[in-house]
Amino acid sequence: MDGRTNKMEHFQIRDMMLRSAVPDLSLVLSIAEGSVDEGRVLIRCYLKNIGRAVAKYAGFSMRIAGGAIGSVNQTLVDMSQLNATACVQFAMPAGQVIHPDPAPAILAGDIEVVVPARQPLHLHVDVYCEGMAVRSLSHTVGH
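Residues numbered from 1 in each chain as written. Predicted model: local features only at pLDDT ≥ 70, side-chain atom pairs only at ≥ 80, totals over all residues. Heavy atoms only, no water.

Peer 1: Hey, could you run me through the overall build of the chain in this one?
Peer 2: In terms of regular secondary structure, the chain is built from 1 helix and 11 strands. Counting from the amino terminus, the chain carries its helices and strands in the arrangement α-β-β-β-β-β-β-β-β-β-β-β. Here the C-alpha atoms of the chain give a radius of gyration of 20 Å, more than 25% beyond the 15 Å that 2.2 N^0.38 yields for 143 residues. In terms of overall dimensions, the chain has C-alpha extents of about 70 × 35 × 25 Å along its principal axes. (Helix = DSSP H or I, 4+ residues; strand = E, 2+ residues; numbered from the N terminus. Rg over C-alpha atoms; globule rule 2.2 N^0.38 Å.)

Have a look at this one:
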């Protein structure tokens, strides 16, 4: 900025060139303690952007094996009627974005799942946004 130039090492140039600003979404799940043994599991879903750019058109799709959807809040859509398995979907409202760290995670919604007693619950999630490849995640809840 002051008109001077400095020689850069090859690793400094490589680091600068490879630091592309892209979003990187992660899904954080919070399971209500003690709810697994009662036959109902409350899952709270948060989206967090751990990348370097704003995440636009963010969302996720979650398939639930081992249980049935009891209820979802208004931000999630129960897609079970259209699929052969329990499935919910979330999409950020138009015009809203998820800022990168250190911004707090965005609450996507709550899912209440009815689970047969002492059965594990398998969650398969696809997280997506503009500029990011779909990330598939799996999580098992319970025994």
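Peer 1: Even after reading the chapter, I still don't get the sheet that holds strand β9 (residues 106-114), so can you show me in this structure?
Peer 2: The strands making up a sheet are joined through hydrogen bonds of the backbone, oriented either antiparallel or parallel. In spatial order, the strands read β1-β2-β9-β5; together these 4 strands make up an open sheet with antiparallel pairing. Strands at the two margins of the open sheet, each flanked by one partner only, are β1 (25-31) and β5 (68-72). The average angle at which neighbouring strand axes cross in this sheet is 30°, direction not considered. Note: β5 against β9, 4 bridges, orientation antiparallel. (Pairing = 2+ DSSP bridges. Axes fitted to C-alpha atoms, helices over the stretch in contact; angles between N-to-C directions.)

Peer 1: When you look at the state of the cysteines in this model, what are you seeing that I'm missing?
Peer 2: One covalent bond between the sulfur atoms of two cysteine residues makes up a disulfide. Counted under the stated rule, the structure contains 0 disulfides. With no disulfide of its own, C45 lies closest to C87 among cysteine sulfurs, the gap being 12 Å. For C45, a relative accessible area of 0% puts it in the buried group. No disulfide involves C129; its sulfur sits 17 Å from the nearest other cysteine sulfur, which is in C45. (Disulfide = S-S within 2.5 Å. Buried < 20%, exposed > 50% of the residue type's maximum accessible area, 1.4 Å probe, protein only.)

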